[in-house]
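Reading the structure
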Amino acid sequence: MVCFHRFTIVFLVSLSLCLVSCGEKKQGKVSVTEQEFSIRQDNEANWVIDAHGKIKNVGEADVKKVVVTGYCRSCGEILNAGVWFINNIPKTTEQKDVISYLIAGDETEFSFREVAFYYNPTGQGPDKLPADLEVVIESFDTVE
């Protein structure tokens, strides 16, 4: 009988530990809190859009390797003089920012270059930013 009670106690303790460890894990969640785009002249006939702003970890867990980049959804993929365009190659290190670690509840700044491009051989720059510019959190890892 004593052996049965010991077995029951060991079983219940093991079951409790399993239930506690199998509970929901805390998740990180990152959102863009501020974003600003600016036009920069790259050379006499080329202009680019750069971005900077802030992101915040609004989740319950710390996050690491947060990749932030930008997109111009209204830009074309073909180089035409006097029209904003993007290239379809993978983002370079200049076109994204990687935040190494962000504690839950903290906010930090980001910046990257070359969201979109503008070419005009006459040297006349763009009048305004294109529509549909956005900053995107591409990926991150939750710290366990």
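In this text the structure is predicted, and so the values were computed from the model without any measurement.

Digging into the overall build of the protein
Tallying secondary structure elements over the protein gives one helix and seven strands in all. Shown N-terminal to C-terminal, the secondary structure of the protein runs as helices and strands in the order α-β-β-β-β-β-β-β. Here the protein holds 144 residues, and 31% of them are scored as buried. Relative to all contacts within the protein whose residues are 6 or more apart in sequence, the contacts with residues 24 or more apart total 77%. Of the accessible surface of the protein, which amounts to about 9,500 Å², a share of 54% is contributed by carbon and sulfur atoms.

So, the side chain of Asp-97
With respect to the helices and strands, the residue Asp-97 is situated in strand 4 (residues 96-102). For Asp-97, which is buried and forms no salt bridge, the nearest opposite charge comes from Lys-96, at a distance of 10 Å. Once residues within four sequence positions are removed from consideration, Asp-97 is found in contact with Val-66, Val-67, Val-68, Glu-109, Phe-110, Ser-111 and Phe-112.

Topic: the confidence of the model for the protein
Looking at the protein as a whole, the pLDDT averages 88, with 83% of positions reaching at least 70. Residue range residues 15-20 is modelled with pLDDT below 50. Its contacts to residues more than four positions away, or to other chains, number zero contacts.

Let's talk about the sheet that holds strand 3 (residues 63-72)
Ordered by their spatial adjacency, three strands build an open sheet running 4-3-7, and the pairing between neighbours is antiparallel. If you trace the sheet from one side to the other, it starts and ends with strand 4 and strand 7 (133-142), each paired once. This sheet shows a mean twist of 20° between the axes of neighbouring strands, independent of strand direction. Summarising the sheet, strand 3 and strand 7 pair through eight bridges and their orientation is antiparallel. Paired with Val-63 across the strands is Thr-142, a residue of strand 7.

Notes on unusual backbone geometry
You will see that Lys-65, though not glycine, has its phi angle at about 55°, which is positive. Structurally, the position occupied by Lys-65 is in strand 3. What makes Lys-65 partly exposed here is its relative accessible area of 49%. Even without glycine at this site, Glu-114 takes up a positive phi of about 60°. As for its placement among the helices and strands, Glu-114 is situated in the loop between strand 5 (107-112) and strand 6 (117-119).

Quick notes on the pattern of salt bridges
Applying the stated criterion to the full structure yields four salt bridges. The closest approach of N and O atoms between Asp-42 and Arg-40, which form a salt bridge, is 3.4 Å. Among the salt bridges present, the one from Arg-113 reaches Glu-94, with a minimum N-O distance of 3.7 Å. With a gap of 19 residues between them, Arg-113 in the loop between strand 5 and strand 6 and Glu-94 in the loop between strand 3 and strand 4 connect regions that are remote in the sequence. On the basis of relative accessible area, Glu-94 is assigned to the partly exposed category, the value being 40%. Among the ionic contacts, a cluster of salt bridges with common partners joins Arg-40, Asp-42 and Asp-50.

Criteria and thresholds
- Residues numbered from 1 in each chain as written.
- Predicted model: local features only at pLDDT ≥ 70, side-chain atom pairs only at ≥ 80, totals over all residues.
- Heavy atoms only, no water.
- Helix = DSSP H or I, 4+ residues; strand = E, 2+ residues; numbered from the N terminus.
- Buried < 20%, exposed > 50% of the residue type's maximum accessible area, 1.4 Å probe, protein only.
- Contact = heavy atoms within 4.5 Å.
- Areas by Shrake-Rupley, 256 points an atom, 1.4 Å probe, with all protein chains shown as cover.
- Lys, Arg positive; Asp, Glu negative; His and termini not counted.
- Salt bridge = Lys/Arg side-chain N within 4 Å of Asp/Glu carboxyl O.
- pLDDT = per-residue confidence, 0-100.
- Pairing = 2+ DSSP bridges.
- Axes fitted to C-alpha atoms, helices over the stretch in contact; angles between N-to-C directions.

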